Amino acid sequence: MAKWIRFEQNGKPGIGTLEGDTVAVHTGDMFAGATPTGQTLKLTDVRVLTPCDPSKMICLWNNFHQLAAKNDFKEPKEPLWFLKAPNSYWPANKPIQRPATYTGKIIYEGELGVVIGKTCFNISEAEAGDYIFGYTCVNDVTAVDLLRKDKSFEQWARSKSFDTFGVFGPVIATGLDPMKLSVRTILNGKERQNYPVADMFFPPHRLVAAISKDVTLMPGDIIACGTSLGAGTMGDAHNVVDIAIDGVGSLSNVFDQVLPSPYLLGAPPRQKKICVVGAGAIGGLLAAKFALAGEDVTVIDQGAHLAAIQKNGLKLEWHDGKVHTAKMKAVNKATEAGKQDIVVLAVKAHFLDQVVRDIDSLLGPDTIVLTVQNGLPWWYFQKLGGQYDNQRLQSLDPTGVLTRYIDPSRIIGCVVYPAAAATAPGVIHHVEGDRFPIGELDGKETERVKELHDVFVKAGLRSMVLPDIRSEIWLKAWGNLSFNPISALTHATLVDICQFAETRELAANMMKEAQDIAQKLGVTFRVSIDKRIAGAEAVGAHKTSMLQDVEAGRSLETEALIGSILEMAKLTNTPAPAIQSVYALVKLLNKVMLLEGGGVKVEKIGKAA
């Protein structure tokens with residue numbers, strides 16, 4: 001066993017073996033018979049270089065079972081690889097640099113690197129050991145926002161080949177059994193990755209054999225074996241990242257960066273007049289966050305909730321235990337609110353036709369209308385183009401009042417991912433999540449949608465401007481159309497639905513039918529049904545909004561969550577028997593609750609005397 005190192009002293013390069021903090025200097029070729037000189041140097045007296053100078057660095061994607069299982073990746077039939085450019089090669093202990101032309105996220109990936117010792121082409125797995133010189137540590141740094149920036153072409157080489165992004169070293173360790181190794185990544189003192197090399201789909205010997213059938217491998221070439229769970233963002237202003245592999249060594253680098261502005265327009269937006277129509281779970285969360293960020297917020301609501309906000313403000317209980325009370329203007333009529341910069345329509349979809357009749361009193365020449373309803377929106381076909389352009393969804397806008405009163409040029413779509421609940425008059429409890437993707441109806445990245453993004457960021461919420469807001473709406477609606485009605489009928493939480501075989505299967509069937517409908521409308525889903533269900537399961541024992549409405553005796557969002565999708569099924573001639581059956585049951589439940597004037601709640605029964 002040996003640990004080979006390359007170094008520079010007094011401007012001259014050298015090679016040697018590392019023992020503790022001492023370098024035993026060698027002459028000759030590391031890969032073709034180096035000879036010890038007898039000279040030793042202190043490690044502190046030399047500048048460490050990359051331990052070899054590869055002609056190419058070949059990097060693997062999707063090579064670990066655990067990561068594939070988490071992300072629902074299929075097992076590859078052969079190694080999936082890409083190249084890092086030679087300009088990216090970077091040694092230990094030198095700072096990783098943020099590219100001047102890139103402001104997005106930069107991630108680390110701790111990996112095992114296989115170092116080739118002899119030229120080889122088209123070798124067998126049994127022969128591969130003779131061509132492997134040793135192993136090194138690799139940090140496969142990635143400008144991850146570039147990777148899928150263009151949907152037509154994934155930019156692997158570009159996102160991973162910036163200067164300093166191919167970090168490896170500090171040594172090449174020989175004489176090791178790679179299948180006994182584990183890779184650990186420590187970011188700022190906290191372990192982020194710890195996974196065994198043995199979890200690979202294609203372990204080192206198989207990788208070398210398979211890749212040698214595609215390209216000639218040269219001495220010093222590196223195959224970075226891919227990464228597993230825990231790769232993530234180096235997001236602080238000062239980052240120290242260590243890739244540690246017992247028996248090989250530790251690759252340490254700092255990444256100091258001037259953090260890019262979170263604001264798309266470069267600075268916090270000016271104060272906005274924002275009216276939130278409906279201060280329930282999500283509307284109340286937004287109103288409180290906007291007000292706490294200094295916006296001029298007005299809410300429109302009614303009853304005890306309105307009275308509590310007028311008297312005490314709106315209390316927001318965040319999931320981490322922090323509680324804030326936001327002061328704001330609270331009224332029960334749009335005419336009392338005045339002209340606004342942003343109007344957030346946060347009432348249930350079936351109440352929209354009532355609130356929009358007075359919306360003109362809120363609208364100035366440039367007022368944005370932001371819609372945050374569950375399910376599909378009434379404006380879905382407006383400004384869409386194509387076969388169904390401006391088709392009116394009868395289930396969501398039966399009288400056409402929404403289409404008449406709200407100009408689609410005012411609308412920005414939004415998808416709501418946080419879970420929250422109104423737990424008492426004037427109190428909103430946040431369960432999880434803080435993400436609000438937004439987008440123009442025609443997909444353009446306008447100045448106003450960027451500014452709205454910045455308003456969310458200023459409020460401490462996450463947002464992104466999407467070029468196709470409808471696909472994201474479908475992704476959220478995909479779960480709502482199944483989990484909400486099933487929970488309303490069974491009184492089960494998300495985790496209960498997902499872990500009960502029959503309801504999990506029912507949800508999957510409903511989602512498959514919805515997927516067939518959406519695909520006929522040109523929508524693609526970026527996750528699988530199983531992954532979408534797993535995401536809902538991970539939320540835990542959360543009651544869906546429809547179940548909360550059932551327990552409170554409120555009318556249900558039947559048409560927005562289910563009826564609208566059935567209307568699209570008829571429009572596209574797509575069968576949807578599972579959705580149709582559940583829709584019928586929920587619609588009847590809603591009718592019974594309204595006729596009886598009450599809700600349904602499951603409560604424990606005390607023991608009989």
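Up top is the structure these notes are about.
Not measured: the values here are computed from a predicted model.

A. Here's a closer look at the environment of Leu-494. Turning to its location among the elements, Leu-494 is positioned in helix α12 (residues 494–499). The exposure class of Leu-494 is buried, given its relative accessible area of 8%. Taking the C-alpha atoms as reference points, Leu-494 and Ser-463, 31 residues apart in sequence, are found 24 Å from one another. Those residues in contact with Leu-494 that sit more than four places away from it in its chain are Phe-483, Ala-536, Val-539, Gly-540, His-542 and Thr-544.

B. Spotlight on unusual backbone geometry. The omega torsion of the bond from Gly-169 to Pro-170 falls at -5°, within 30 degrees of zero and hence cis. Checked against the element boundaries, Pro-170 lands in strand β13 (residues 166–174). Phi angles above zero are rare outside glycine, and Asp-72 is one such case at about 60°. Within the secondary structure, Asp-72 sits in the loop between α1 (65–71) and β7 (80–84). You will see that Asn-93, though not glycine, has its phi angle at about 70°, which is positive. Residue placement: Asn-93 occurs in the loop between β8 (89–90) and β9 (106–108).

C. Structural detail: the pairing of strand β6 (residues 57–61). Most of β6 sits inside the fold, with 4 of its 5 residues counted as buried. Pairing of β6 with β7 involves 5 bridges; the strand directions are antiparallel. Along β7, the bridge assignment pairs Met-57 with Lys-84. With 3 bridges connecting them, β6 and strand β16 (residues 222–224) associate as parallel partners. Pairing of Cys-59 across the sheet is with Ala-224, part of β16.

D. Looking closely at the sheet that holds strand β12 (residues 142–143). The antiparallel open sheet is built from 3 strands, whose spatial order is β12-β9-β17. Of all strands in the sheet, those bounded by a partner on one side alone are β12 and β17 (232–233). Taken together, the 2 bridges between β9 and β12 define a ladder with antiparallel strand orientation. By the bridge assignment for β12, Ile-106 is matched with Ala-143.

E. Structural context of the nonpolar core. Counting residues in hydrophobic clusters, the biggest one holds 77 residues, and the most contacted among them are Leu-345, Leu-362, Trp-378, Trp-474, Trp-478, Met-568 and Ile-579. By residue number, the principal contributor to this core is helix α11 (residues 469–490), which donates 10 residues. Apart from residues no more than four positions distant in its own chain, Trp-478 is found in contact with Met-511, Ala-514, Gln-515, Phe-525, Val-527, Ser-528, Ile-529 and Arg-532. Formed by 50 residues, the second largest nonpolar core is a distinct cluster that contains Ile-132, Cys-137, Leu-207 and Leu-251.

F. The packing of α11 against helix α17 (residues 577–596), seen in detail. The contact between α11 and α17 brings their axes to 10 Å, and the two run at 45°. If you check the angle between α11 and α17, you find them oblique. The crossing of α11 and α17 is left-handed. Residues Leu-481, Pro-485, Ala-488 and Leu-489 of α11 form the contact with α17, whose participating residues are Ile-579, Val-582, Leu-585, Val-586 and Leu-589. Partitioned by chemical class, the residues of the contact of α11 with α17 number 9 nonpolar, no polar and no charged.

G. Molecular detail of the sheet that holds strand β28 (residues 419–424). Pairing in this open sheet of 4 strands is mixed, and the strands run β23-β22-β29-β28 from one edge to the other. The open sheet has two free edges, formed respectively by β23 (323–326) and β28, since each of these has just one partner strand. Averaged over all adjacent pairs, the angle separating strand axes in this sheet is 25°, with direction ignored. With 4 bridges joining them, strand β22 (residues 314–317) and β23 adopt antiparallel strand pairing. Residue pairing across strands places Lys-315 opposite Thr-325, the latter belonging to β23.

H. Region of the structure containing the environment of Ile-497. The residue Ile-497 is located in helix α12 in this model. Separated by 40 residues in sequence, Ile-497 and Glu-537 place their C-alpha atoms 8.0 Å apart. Not counting the four nearest positions on each side in its chain, Ile-497 is found in contact with Phe-483, Ile-486, Ser-487, Ala-492, Thr-503 and Arg-504.

I. The arrangement of the packing of aromatic side chains in detail. Scanning the entire structure with this criterion turns up 15 aromatic pairs. Each ring, one from Trp-61 and one from Trp-156, has its centre 5.9 Å from the other, and the planes form 65°; the classification is edge-to-face. With Trp-61 in strand β6 and Trp-156 in helix α4 (residues 156–160), this pair connects stretches of sequence that are 95 residues apart. For Trp-61, a relative accessible area of 28% translates into the label partly exposed.

J. Quick look at the state of the cysteines. Scanning the entire structure with this criterion turns up 0 disulfides. A disulfide-free cysteine, Cys-275 has its sulfur positioned 16 Å from the sulfur of Cys-414, the nearest such atom. With relative accessibility at 0%, the residue Cys-275 sits in the buried group.

K. Up close: the packing of α11 against helix α15 (residues 545–552). Close contact between α11 and α15 brings their axes to 7 Å; oriented N to C, the two are set at 30°. Relative to α15, the element α11 is oriented roughly parallel. In terms of crossing hand, the pair formed by α11 and α15 is right-handed. Along its contact with α11, which presents Asn-484, Pro-485, Ser-487 and Ala-488, the element α15 presents Ser-545, Met-546, Leu-547 and Val-550. Its residues assigned to classes, the contact of α11 with α15 shows 5 nonpolar, 3 polar and no charged.

L. Quick look at the pairing of strand β15 (residues 190–196). Examined bridge by bridge, strand β14 (residues 182–187) and β15 share 6 bridges and lie antiparallel to one another. Following the sheet pairing, Val-183 is matched in β15 by Tyr-195. Between β14 and β15, which pair antiparallel and follow one another directly, the connecting turn spans 2 residues, one of which, Asn-188, has a positive phi of 50°.

M. View of the pattern of salt bridges. As enumerated under the stated definition, the model contains 22 salt bridges in all. Across the salt bridge formed by Glu-8 and Arg-47, the nearest N and O atoms sit 3.0 Å from each other. Note that Glu-8 is positioned in strand β1 (residues 2–9) and Arg-47 in strand β5 (residues 47–48), a separation of 39 residues in sequence. Across the pair Glu-154 and Arg-148 runs a salt bridge, and its minimum N-O distance is 3.1 Å. Accessibility expressed as a relative area gives 38% for Glu-154, which makes it partly exposed. Of the residues examined, Arg-148 reaches a relative accessible area of 47% and is grouped as partly exposed. The network of salt bridges with common partners includes Lys-84, Glu-109, Asp-140 and Lys-160.

Rules behind the numbers
- Residues numbered from 1 in each chain as written.
- Predicted model: local features only at pLDDT ≥ 70, side-chain atom pairs only at ≥ 80, totals over all residues.
- Heavy atoms only, no water.
- Helix = DSSP H or I, 4+ residues; strand = E, 2+ residues; numbered from the N terminus.
- Buried < 20%, exposed > 50% of the residue type's maximum accessible area, 1.4 Å probe, protein only.
- Contact = heavy atoms within 4.5 Å.
- Pairing = 2+ DSSP bridges.
- Core = buried A, V, L, I, M, F, W, Y, C linked by side-chain atoms within 4.5 Å.
- Axes fitted to C-alpha atoms, helices over the stretch in contact; angles between N-to-C directions.
- Parallel < 35°, antiparallel > 145°, perpendicular 65-115°, else oblique.
- Left-handed = near helix turned anticlockwise from the far one by under 90°.
- Nonpolar A, V, L, I, M, F, W, Y, C, P; charged D, E, K, R; others polar.
- Phe/Tyr/Trp six-rings, centres within 6.5 Å; stacked < 30°, edge-to-face > 60°.
- Disulfide = S-S within 2.5 Å.
- Salt bridge = Lys/Arg side-chain N within 4 Å of Asp/Glu carboxyl O.

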